[in-house]
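Letter by letter, the chains look like this.
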Amino acid sequence: MIPKQPVGIIGWGAYLPQYRIKVETIATVWGTYLERYTEGLGVEEKAVAGPDEDTTTIAIEAAQNAIKRAQIESSELGAVLAGSESPPYAVKPTGCTVAEVIGTTPNILAADLEFACKAGTEAIQFCMGLVSSGMIKYGIAIGADVAQSAPGDDLEYATAAGGAAFIIGKLDGKAAASINASSSYVTDTPDFWRRSEQPYPKHGGVFTGQAYFHHVINAGKQLIKELDMKPQDFQHAIFHQPNGKFPEKVAKELGFVSEQIRVGMLVNTIGNTYSGCIPLGLSAVLDNAKPGDNILVVSYGSGAGSDAFYIVAQDAIEDKRELAPTVQDYIDRKEYVDYSCYAKWRRMIIGLEAKR
Amino acid sequence: MRKVAIIGVGMTKVGHLFSESLRSLFSKAVRSALEDAGNPKIDALYVGNMSAGQFNNQENIAALLSDFAGLNGIPATRIEEGCASGAGAIYNGFKAVASGSHDFVLVGGVEKMMDTSTCDATSIVSTVTDQEYEAFLGLSLVGINAMVMRLYMNTFDVGREPFAKFSVQMHDNASKNPYAQFPFKTSMDKAMNSNPVAEPIHLMDCAPLGDGAAALILCPEEYAKKFTSSPVEIIGAGHGMDTFIFHTRDDFLSLKAIRDSARDAYRMAGITPGKVDLMEIHDSFSITAFLTIEDLGFVEKGATGQAIDEGLISLDGPLPVNPSGGLKARGHPIGATGVYQMAEVVLQLRGQAGARQVPGAETGLTNNISGFGASSYVHILRG
């Protein structure tokens, strides 16, 4: 998919809660072997949403940072698209709350998207289309989650909270990066799911990994082939990070080397933020990229599908960097919590709801 | 009783076969076996399967599998006997041919386990133990084996090393088996330092979860030469039982079901253990393998570790055990395992086992047990 009129990222903004829990802390609670997660999954600690934070507040923080970097009036936005698999409400859009808080209502397209961990990159694709067609001037695409996992499940060692937002507009001198092309690879694959009445997702164990590799590798290969490019042409690549091992394997399979995925690789210090994962990885790359750098992005959403993007950093990226906190600023701002605090904040203590 | 020969074998590779279904797996094994046997017309089907109901939400699978394997219209029966379902199917197929009820019988085994999570699969597997007296109290199959391994280690003053050595040998063998789930070698260091599951059992002491199907074609020996130049005869068969609940056993370090099934199989075959050239045994855990080698009459109680050290079970040793890699490394698709064991011995006795061939093997033994030895089958084959 190549936009008819060139589009770009006018501003980007990330947000991570300040709280962290160490994987070691979780392993101690469940009596599991730490190495299984630190070495097996390559995750040391994960970001935990505070007691007054949820997907909506994370999306708002990220959107406000993106607007700062875009240097536009929020009234210039024509669409607010929030991608998540953990919206606070089953029925009541996150998108309109974000739109209200950032001051874009009422003449605004506001919507929520859900496709497991790739809802955020879908939001980017939708904004690309709206901008490229001339229907809107700017659109904001957000990927954010307070990632869900059942207590004691393998998922719990990595699921984290965070998100990032991108303001998409036509490609001009204000653009930090161009989005030259995108392609998607989607099949009906039941590797991970959550029914609406269930609090935590279920997954197919080993099969989930098989589904991940199949979709990410095929989406990446497809876009690289369409562009007639080689892995060596990219300075940066970001592959969805459910853990630290999977993206490394994908990189190797596609012909990339570790250095190319290093800057966008965040999972070992913040965990897997589901819909926020790729947006945060891309934000970290934009925090560091030089004008002219080629960036490959491949997201993954269970169910299942991958969105791939070819992005090129533009000259304006240098001046925008300091206008909002970087991902590294947020990674460095941290305070550790213990499991009891984490359990309380994540509403895992039975009886809390009854008390209300 | 008529003499019974095996004239065809078929197997799928064992593994995480996400692109296969219960029926497609079974059909592949059946087609391979039929082709191997020269496509005889099949009169009856016996299929071993432990828990399609729980793994695949599918019961009534004898009718389903016979239909989708192209065998519709013949009597088809499913045998369920926990982990020994595969050998149970063989035993019933053997009796059907030996008695004259049927001439050409297809015996298969299939288990499609990987469509469930590891956690769910582990719960399903634990249903082979007593749900009221064992599972109810949190005692899993690995828990029982862990207690027995601890008792064995204390009673005979052995460490974990001999058990790890057994697992390393299984991986060595599997590295030569194209049907194996884990066709690679491992080291003592990895075997000793793998994660504990239930002390003293570590991950490398355990058989994995996996999908797979295997099939055999049985017929009266008098017809076998028309189909193959190398029929393999089933010369002995025994089926033994023990108390279902582990804690009611008289002896925790000896499995009566194995002793009884071996006694009957040796008697029918008219041989002693010394005549066996190789065997495929049920090493769901390395401790199970140790007890089995001893209860089949090959080694004194407590001496298996020393026998392994002296090279007894290696491929070029006096009694190669599990040339396929065993449950540990060939894999353990539960209801199919007994059939895989016999398919391996048939290939060995035909001299068709490739890099893992035991030279000059003429007599082979298979042992497939359920639960912690609640039941056991021993079959003896001659090439």
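Since we're looking at a predicted model, the values are computed, not measured.

**Quick look at the overall build of chain A**
Right, on to step 1. Helix and strand counts for chain A come out as 14 helices and 14 strands.
Right, on to step 2. Against the globule reference of 21 Å for 356 residues, chain A gives a C-alpha radius of gyration of 19 Å, in line with a compact fold.
Right, on to step 3. Buried residues in chain A amount to 55% of all 356 residues.
Right, on to step 4. Contacts in chain A between residues far apart in sequence, at least 24 positions, make up 79% of those at least 6 positions apart.

**Some details on the overall build of chain B**
Right, on to step 1. Looking only at helices and strands, one finds 14 helices and 11 strands in chain B.
Right, on to step 2. Computed over the C-alpha atoms, the radius of gyration of chain B is 19 Å, within 12% of the 21 Å expected from 2.2 N^0.38 for a compact globule of 383 residues.
Right, on to step 3. In terms of its C-alpha atoms, chain B occupies a principal-axis envelope of roughly 55 × 45 × 40 Å.
Right, on to step 4. In chain B, 78% of the contacts between residues at least 6 apart in sequence involve partners at least 24 apart.

**Digging into the confidence of the model for chain B**
Low-confidence regions, as indicated by low pLDDT, have predicted coordinates that should not be scrutinised in detail.
Right, on to step 1. Model confidence for chain B is summarised by a mean pLDDT of 97, while 100% of its residues fall at 70 or above.
Right, on to step 2. The ipTM value of the predicted complex is 0.70, and its pTM value is 0.85.

**Quick notes on the pairing of strand S11 (residues 375–382) of chain B**
Residue and element names in this part refer to chain B.
Right, on to step 1. Counting buried residues in S11 gives seven out of eight residues, a clear majority hidden from the surface.
Right, on to step 2. Of the pairings in the sheet, the one linking strand S8 (residues 232–241) to S11 comprises eight bridges and is antiparallel in character. Counted as the bridge partner of Gly238 is Val378 from S11.
Right, on to step 3. Pairing geometry for strand S10 (residues 363–370) and S11, over eight bridges, is antiparallel. Its bridge partner being in S11, Asn367 is matched across the sheet by Val378.
Right, on to step 4. Following S10, the chain reverses through four residues before pairing antiparallel with S11; Gly371 in that reversal takes a positive phi of roughly 55°.

**Overview of the sheet that holds strand S3 (residues 45–48) of chain A**
Residues and elements named next belong to chain A.
Right, on to step 1. Here we have three strands laid out as an open sheet, ordered S3-S2-S14, and mixed in their pairing. At either end of the open sheet lies a strand with only one pairing partner, and these are S3 and strand S14 (335–336).
Right, on to step 2. In this sheet, S3 lies alongside strand S2 (residues 19–22) in antiparallel orientation, the contact comprising four bridges. Bridging from a neighbouring strand, Tyr19 pairs with Val48 of S3.
Right, on to step 3. Strand contacts of helix H1 (residues 23–30): S2 and S3, with the helix running at about 50° to S2, the strand carrying the most contacts.

**Side note on the interface of chain A and chain B**
The accessible area lost on association of the parts is a frequent measure of interface size.
Right, on to step 1. Across the contact, eight residues belong to chain A and six residues belong to chain B.
Right, on to step 2. For the side of chain A that touches chain B, the leading source of residues is helix H6 (residues 206–227) of chain A, giving three residues.
Right, on to step 3. Among the residues forming the side of chain A that touches chain B, the class breakdown is three nonpolar, four polar and one charged.

**Some words on the environment of B:Leu17**
All names here are of chain B.
Right, on to step 1. Topologically, Leu17 is positioned in the loop between strand S1 (4–11) and helix H1 (22–37).
Right, on to step 2. Overall, Leu17 belongs to the buried group, with 22 C-beta atoms counted inside 10 Å.
Right, on to step 3. Spatially, the C-alpha atoms of Leu17 and Phe298 are 36 Å apart, while their sequence positions differ by 281 residues.
Right, on to step 4. Ignoring anything within four residues of it in the chain, the contact list for Leu17 reads Leu25, Met114 and Asp211.

**Describing helix H4 (residues 94–102) of chain A**
All names here are of chain A.
Right, on to step 1. Regarding H4, the residues found buried are Thr94, Gly95, Thr97, Val98, Ala99 and Ile102.
Right, on to step 2. For H4, the secondary structure elements touched by its buried residues are helix H3 (55–70), strand S4 (77–83), strand S5 (109–113) and strand S6 (138–146).
Right, on to step 3. A positive backbone phi angle near 85° is found at Gly103, which sits one or two residues after H4.

**Points about the nonpolar core**
Right, on to step 1. Counting 129 residues, the largest nonpolar core has B:Leu216, B:Ile217 and B:Val339 as its most contacted members.
Right, on to step 2. Residue contributions to this core peak at 10 residues, all from helix H14 (residues 334–350) of chain B.
Right, on to step 3. Excluding its chain neighbours within four sequence positions, the residues that come into contact with B:Leu216 are B:Ile6, B:Gly8, B:Val9, B:Ala33, B:Ile90, B:Val107, B:Val339, B:Met342 and B:Ala343.
Right, on to step 4. In this structure, A:Cys117, A:Ala165, A:Ile295 and A:Tyr300 belong to the second largest nonpolar core, which totals 116 residues.

**Some thoughts on helix H7 (residues 245–254) of chain A**
Owing to its 3.6 residues per turn, the α-helix aligns residues three or four sequence positions apart on the same side.
All names here are of chain A.
Right, on to step 1. Along H7, the residues classified as buried are Phe246, Pro247, Val250 and Ala251. What you see down the axis of H7 is that its buried residues fit within an arc of 135°, all on one side.
Right, on to step 2. Against the buried residues of H7 lie H6, strand S11 (236–239) and helix H8 (258–262).
Right, on to step 3. Among the residues trailing H7, Gly255 stands out with phi positive, at a value near 95°.

**Some points on the environment of A:Ala116**
All names here are of chain A.
Right, on to step 1. Summarising the element assignment, Ala116 is placed in the loop between S5 and helix H5 (119–132).
Right, on to step 2. C-beta crowding within 10 Å serves as the criterion here: with 23 such atoms nearby, Ala116 is assigned to the buried category.
Right, on to step 3. A C-alpha to C-alpha distance of 4.7 Å links Ala116 and Gly301, two positions 185 residues apart in sequence.

**Brief notes about the pairing of S1(B)**
Residue and element names in this part refer to chain B.
Right, on to step 1. Judged by how many residues are buried, S1 sits mostly within the fold: eight of eight residues are covered.
Right, on to step 2. Strand direction decides the pairing type here: S1 and strand S7 (residues 212–220), joined by seven bridges, are antiparallel. Counted as the bridge partner of Met11 is Ala214 from S7.
Right, on to step 3. Here S1 pairs with S8 via three bridges, running antiparallel. Residue pairing across strands places Ala5 opposite Glu233, the latter belonging to S8.

**Looking at the sheet that holds strand S2 (residues 44–48) of chain B**
Residues and elements named next belong to chain B.
Right, on to step 1. Taken in spatial order, the nine strands make up an open sheet running S3-S2-S4-S7-S1-S8-S11-S10-S9, and their pairing is mixed. Only two strands of the sheet have a single partner each, and these edge strands are strand S3 (76–79) and strand S9 (278–280). Averaged over neighbouring strand pairs, the angle between their axes works out to 25° when direction is ignored.
Right, on to step 2. Summarising the sheet, S2 and strand S4 (residues 105–111) pair through five bridges and their orientation is parallel. What sits directly across from Tyr46, in S4, is Val107.
Right, on to step 3. Sitting on the sheet, H1 is in contact with S1, S4 and S7, with an inclination near 130° to S1.
Right, on to step 4. Contacts from helix H3 (residues 61–68) reach S2 and S3, with the element oriented near 125° to S3.

**Considering the environment of B:Ser229**
Right, on to step 1. Counting through the fold element by element, B:Ser229 comes out in the loop between helix H9 (221–224) and S8.
Right, on to step 2. Between the C-alpha atom of B:Ser229 and that of B:Arg350, which follows or precedes it by 121 residues, the distance is 9.4 Å.

The rules behind each value
- Residues numbered from 1 in each chain as written.
- Chains lettered and ligands numbered in written order.
- Predicted model: local features only at pLDDT ≥ 70, side-chain atom pairs only at ≥ 80, totals over all residues.
- Helix = DSSP H or I, 4+ residues; strand = E, 2+ residues; numbered from the N terminus.
- Rg over C-alpha atoms; globule rule 2.2 N^0.38 Å.
- Buried ≥ 20, exposed ≤ 12 C-beta atoms within 10 Å, placed from the backbone.
- Contact = placed C-beta atoms within 7 Å.
- pLDDT = per-residue confidence, 0-100.
- Pairing = 2+ DSSP bridges.
- Axes fitted to C-alpha atoms, helices over the stretch in contact; angles between N-to-C directions.
- Nonpolar A, V, L, I, M, F, W, Y, C, P; charged D, E, K, R; others polar.
- Core = buried A, V, L, I, M, F, W, Y, C linked by C-beta atoms within 7 Å.
- Arc of directions from axis to C-beta.

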